[in-house]
Amino acid sequence: MIRNYIKTAFRTLTKNKGFTAINVLGLSVGLATCLLIVFYVVDELSYDKYNTQADRIYRITINAMLNGHGGVYATSEGPLEAALKDNFPEIEKVTRMIDNNGLAVSPSKFSIRKGNSNIQEKRVVYTESSLFDVFTLPMVAGEAKKSLDAPHAAVITESTAQKYFGKTDVVGQVLTINDTSLYHITGVIKDVPLQSHFNYDFFLSFSTLPESHWKGWGYSGVHNYLLLRPGTNIKSLESRIAQLEIRSSPASQKVWTTGGNYFKTELTPLLNIHLKSHAEYELGRSGSMQYVYIFSLIAVIILLIACVNFINLSTARSSNRAKEVGVRKVLGSARKNLIAQFLTESTLVTLVSTFIAIILAILMLPLFNQVADKQLGFTLQSLTWLAPSIIVIVIVVGFLAGSYPALYLSGFRPTEVLKGKLSAGFKSSFLRSSLVVFQFSISIVLIIGTLVIYNQLNYIHNKNLGFDRSQVLVIKNTNVLGKQAEVLKQEIKQLPGVTNVSMSSYQPTGEQREKTGLFPDREIDVKKDVLSEFWSVDEDYLSTMGLKLISGRNFSKQLSSDTGALIVNEAFVEKFGQKNPLNKFVYRDKFAVQQFHIIGVVKNFNFESLKDKISPLVLAYSLDNGAISVKVKTANLSGLMSKIEDKWKQFSPNQQFNYSFMDDDFDATYRSEQRIGTMFISFSTLAILIACLGLFGLASFVAEQRTKEIGVRKVLGASVFNLWKMLSKDFVNLVIISTCIAIPIAWYFLHEWLQKYPYRTGISWWIFIIAAAGAMLITLLTVSYQAIKAALMNPVKSLRTE
C-alpha cells in the first residue's frame, strides 16, 4: 500500500515539474536556513552543560543600591569563601576566581616568556584547587587536588602547553610571567570547551595574590562559585548570605538598612549565566536569550512561509486535479486513501527538500560561522540531536504543508467535479488570499525591521561620541618598560606624522576601568557619595583624545599642585550638585582619605556602551604607564608604524609589540550587535525570497488559468499593459492589505527594541514608505514576468489551449 502511494506521488510530482521545483526550492532554502538557526540556538543553549554537576553550581551575584548608585554585579567579596564554609552546611564546595579586571592593580595583559621573547596573554585567571572540584575540567597531567594550593603555582591547558613547550607532559616546568614572577606548572587540563562562560588558558594560584587585592568586605572583585548539596532551598540561602555580608561590619549594617539602600544576594544558576545574566564584570562575553527567541521565531516564520507556498500552490491547482479526484472517487477510492496519497506527496517533497537543505546548510555553514562568530559544524556529537530533529521536521512539515490540501482536495464531490462546477482561479479561495496576506505581512515586517536595525547600527557607528577616535594608535602594556615608558612617549612624539602622544591605561574604547566614590567633605558621608569613573591621565590626554574643555584649564607639568588636580565631566557636575565646581575640593577614601581639587570641566563623551547613559567621570593628573596613545596624521601609515615599532624594540627587544587602533576597538565593542544585525538581515532576505518563490508560482498558475480569457481580450483589442494590469491587480490589492497590517505590528516591536538604547535613532515615516514601496516593487517584479509572458502570447495559441 505504502509503495503504491509513493509511486503515485512520484508520478504526480514529476508530471508537474514546474510547481514541484518551486515547492522543493522554497522548502530547501527554508529548511537550510532553519538548520543554521537551530545550530546557533543549540550552541547558545549548550553553554556550561559540559559540567557534570552543572545543575548544582551557582554564582553569587550582588544586586545593590547605595544612595542612588548601584546595579547587578557578577562579583562579590573575597572573604566570603571562609564564612560560607563555616556557616552553611548546604554548601558542598566554594571556589573563587579573580581575573585581571578584578585586580586592584593589574595589567590588561600578562607577558609570558617563550624562549627569548615575551607573548602577551589575556586569558589568565587567579583561582584555587577547588575549581576542579566544582567545574568539570579534566586533568591530562598532574593532580588536581592540591594543584593550586601553593603560591606561584599554575595549571595550563593542553593547547597552551603545546604552544609554549611543544608537548603536554610539562608538570614541573617553569613559566616566567611579567619578566619577574616564576610559576611552577602543577597540572595540565583539557582545553576549556568553547561553550563555557569563561575561557582561560592560564590558571594561577589565588594564594599568590597579596591579601590587599581581595581581603576585606569592602572590595568585591572576586567571582564566588558554589556547589550546593541536592535539595538546597535557594531563596533561603540567598537571604542568609546577604545578611552575612551586611553584618560583616556595624558600619555597613547601618548603611544598607537606611535611606532606601538595599543589598541583595542572588544565586545565579550556572546554566543561566551566558544567556540570562547581564551583570557587570562577567568573566566572558554574554549571549542573549532575547536573540535566541527572535531567531527561533524567524526559523518558525520561514518554515511557515515555505509551508504556505506549498498550501497555496496545491490548492490553486485544485481544478487541475479535480477530475482525477472525481474519477478516483467514482471508482471507489475512500477519502482516507486520497488524504494518505496527498500527504505522501507533501512528505516526499519535504524529504527531497530536506536532503537538499542539508547540502545547502553544509555549504553555507563556513559563511554563517564567520558572520555569527561561531565554530559550528556537523559532528558525530551534533548527530545525536540533528538526526531526530530532521525526522521530526520531515514529519511535521510534511503534515503541516500537506494537511489542508489533502483535506481540501479529498473533499471534492465527484458529481460537481465531473459536471465542471468546481470553481477555480485566484479569487475563488479566501484562504489562499489570506495566506498571501500573511506571507507579505511578515515580509513587510522583516523589511521594516531590517531598515530600522541597519539605521540603528549605522547611527552607533557614526555618532559623535565627544572624542576623536580616528587615527589613534594605542600601544598596549607599556608598563613593562617601567620609567622608560615616558622616554618612549617623548621619542614617538618627535616622529614625523605624529601630532600628539598621551600615556594612560584608560581610553574611551579600552577595557581598563576603575570606579570610586568621591565626597564633598573630608568627613566621609556615604549619602553624599558621587560614584565616578576615576582615570589617571597625563597633560596630553585631552588634546590626544580630542576632548573639549568647556571651563577651567588643562593639567600642567609646571604646577606641582596639579598632582592632586581633577578634570571632571558634565555628568559629574550634575551629580555633584554645584553649578561651578572649579577650585572645589573632593575627597575619596582609599586606604586613607585623599584630597583633590577640581581645575576643569570637559564636555560629556561616551566612554561606555551606547546602551548606557554617560556616567560621572574624573580625570586625575597621575602617572599611569599602562598604555601609550598616539594621534597620527600621515599618508604613509605603514611607514610610520614601522618607525614606532623600531622605537619599541630599542627599549624592549624581547617584548611583543602589541597595539590596536581606537576605531577598531570601538567597532569591537559593538561587534555583537553588528553580528546580530547582519544575521537578522540575512535571514529576513531569505524569508522574503521564499515568499517571492511562492508568489511567482501562484502568478504562473493564475496566468495559466486565464490563458483563454487573455486570448479573447487580445483579439478584442486589449493592450499588453491592460493585460498586465489585470493580472497584477489582485496581487497589488493583497500587498496593500498586508502593508496596513504589518506597519503597526512592526512599529510596536521595533519601538520596544530601541528602548534599550539611550542613544538611538527614531523610526522615521520614510522607513514605512520604503518598506511598502519595496514590497510592492518585489510583488510587481515577481508577477510581471508571468503576466507579460502571458500577455505577449499569440492569441490563436491561447485560444487553442482549451
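Residues numbered from 1 in each chain as written. Predicted model: local features only at pLDDT ≥ 70, side-chain atom pairs only at ≥ 80, totals over all residues. Heavy atoms only, no water.

Time to look at a nonpolar patch on the surface. On the surface, a nonpolar cluster with roughly 590 Å² of combined accessible area is contributed by Val 300, Leu 304, Ile 391, Val 392, Ile 395, Val 396 and Leu 400. Residue assignment for the nonpolar patch shows that the elements contributing at least two residues are helix H9 (289-316) and helix H12 (380-410). Sort the elements by how many residues they give to the nonpolar patch and H12 lands first, with five residues. With respect to the helices and strands, the residue Ile 391 is situated in helix H12. Under the relative-accessibility criterion, Ile 391 is labelled exposed at 53%. (Patch = residues over 30% accessible without salt bridge, like charges linked within 9 Å, V, L, I, M, F, W, Y side chains within 5 Å. Areas by Shrake-Rupley, 256 points an atom, 1.4 Å probe, with all protein chains shown as cover. Salt bridge = Lys/Arg side-chain N within 4 Å of Asp/Glu carboxyl O. Helix = DSSP H or I, 4+ residues; strand = E, 2+ residues; numbered from the N terminus. Buried < 20%, exposed > 50% of the residue type's maximum accessible area, 1.4 Å probe, protein only.)

Attention shifts here to the environment of Pro 366. For Pro 366, the position within the fold is in helix H11 (residues 335-372). Residue classification places Pro 366 among the exposed positions, given a relative accessible area of 54%. Between the C-alpha atom of Pro 366 and that of Gly 377, which follows or precedes it by 11 residues, the distance is 8.5 Å.

On to the sheet that holds strand S23 (residues 627-632), then. Overall, antiparallel pairing links the four strands, which are arranged S15-S23-S14-S24 in an open sheet. If you trace the sheet from one side to the other, it starts and ends with strand S15 (498-503) and strand S24 (659-661), each paired once. Pairs of neighbouring strands in the sheet enclose a mean axial angle of 20°, with direction left out of account. With five bridges joining them, S15 and S23 adopt antiparallel strand pairing. Counterpart to Ser 502 in the pairing with S23 is Ser 629. Against the sheet, helix H18 (residues 637-651) touches strand S14 (472-476), S15, S23 and S24, its axis set at about 25° to S14. Sitting on the sheet, helix H19 (residues 662-669) is in contact with S14 and S24, with an inclination near 75° to S24. (Pairing = 2+ DSSP bridges. Axes fitted to C-alpha atoms, helices over the stretch in contact; angles between N-to-C directions. Contact = heavy atoms within 4.5 Å.)

With that out of the way, let us pick up the side chain of Thr 516. Residue placement: Thr 516 occurs in strand S16 (residues 515-518). Filtering out sequence-adjacent residues up to four positions away, Thr 516 remains in contact with Val 530, Leu 531, Ser 532, Phe 534 and Arg 588.

Here the focus is unusual backbone geometry. Note: most peptide bonds trans; most residues except glycine with negative phi. The phi angle at Tyr 281 is positive, at roughly 65°, despite the residue not being glycine. In this structure, Tyr 281 sits in the loop between helix H8 (273-276) and H9. The backbone of Asp 373 shows a phi angle near 60°, a positive value even though the residue is not glycine. In this fold, Asp 373 is placed in the loop between H11 and H12.

What follows covers the pattern of salt bridges. Tallying each qualifying case throughout the model produces 25 salt bridges. In this structure, Arg 229 engages Glu 92 in a salt bridge whose closest nitrogen and oxygen atoms are separated by 3.9 Å. Placement of the pair is Arg 229 in the loop between strand S12 (223-228) and helix H6 (234-246) and Glu 92 in strand S3 (residues 91-99), with a sequence separation of 137 residues. A salt bridge links Glu 121 to Lys 163; the nearest nitrogen and oxygen atoms lie 2.7 Å apart. Taken together, the residues Glu 121 in strand S5 (residues 117-121) and Lys 163 in helix H5 (residues 158-165) connect sequence positions 42 residues apart.

Before going further, it helps to examine the state of the cysteines. What we call a disulfide is simply a covalent bond connecting the sulfur atoms of a pair of cysteines. Taken as a whole and judged by the stated rule, the model has zero disulfides. A disulfide-free cysteine, Cys 34 has its sulfur positioned 9.2 Å from the sulfur of Cys 307, the nearest such atom. A relative accessible area of 4% means that Cys 34 is categorised as buried. (Disulfide = S-S within 2.5 Å.)

Grouped together as the largest cluster of nonpolar side chains are 113 residues, with contacts concentrated most on Phe 295, Phe 368, Ile 448, Trp 535 and Leu 619. Broken down by element, this core gets its largest block of residues, 14 residues, from H9. For Phe 368, the residues in contact, after removing those within four places along its chain, are Leu 36, Tyr 40, Leu 376, Met 679 and Phe 683. (Core = buried A, V, L, I, M, F, W, Y, C linked by side-chain atoms within 4.5 Å.)

A few words on the environment of Leu 451. Of note, Leu 451 is situated in helix H14 (residues 430-462). Given a relative accessible area of 21%, Leu 451 falls into the partly exposed group. Considering only alpha carbons, one finds Leu 451 and Ala 771, 320 residues apart in sequence, at a separation of 8.2 Å. If sequence neighbours within four positions are ignored, Leu 451 has contacts with Ile 767, Ile 770 and Ala 771.

Bringing the packing of helix H15 (residues 484-493) against H18 into the picture now. Each packed pair of helices is defined by two parameters, the angle between the axes and the distance between the axes. Between H15 and H18, the least distance of the axes is 10 Å, while the angle of their chain directions is 155°. By the angle between their axes, H15 is roughly antiparallel relative to H18. Considering only the axes of H15 and H18, their crossing is right-handed. Residues Gln 484, Val 487, Leu 488, Glu 491 and Ile 492 of H15 form the contact with H18, whose participating residues are Ile 644, Lys 647, Trp 648, Gln 650 and Phe 651. For the contact of H15 with H18, the per-class residue count stands at six nonpolar, two polar and two charged. (Parallel < 35°, antiparallel > 145°, perpendicular 65-115°, else oblique. Left-handed = near helix turned anticlockwise from the far one by under 90°. Nonpolar A, V, L, I, M, F, W, Y, C, P; charged D, E, K, R; others polar.)

For the rest of this paragraph, the subject is the confidence of the model for the protein. For the protein, per-residue confidence averages 81 on the pLDDT scale, and 83% of positions sit at 70 or higher. When the criterion is pLDDT under 50, residues 424-428 qualifies, and its contacts beyond four places in sequence or with other chains add up to 13 contacts. (pLDDT = per-residue confidence, 0-100.)

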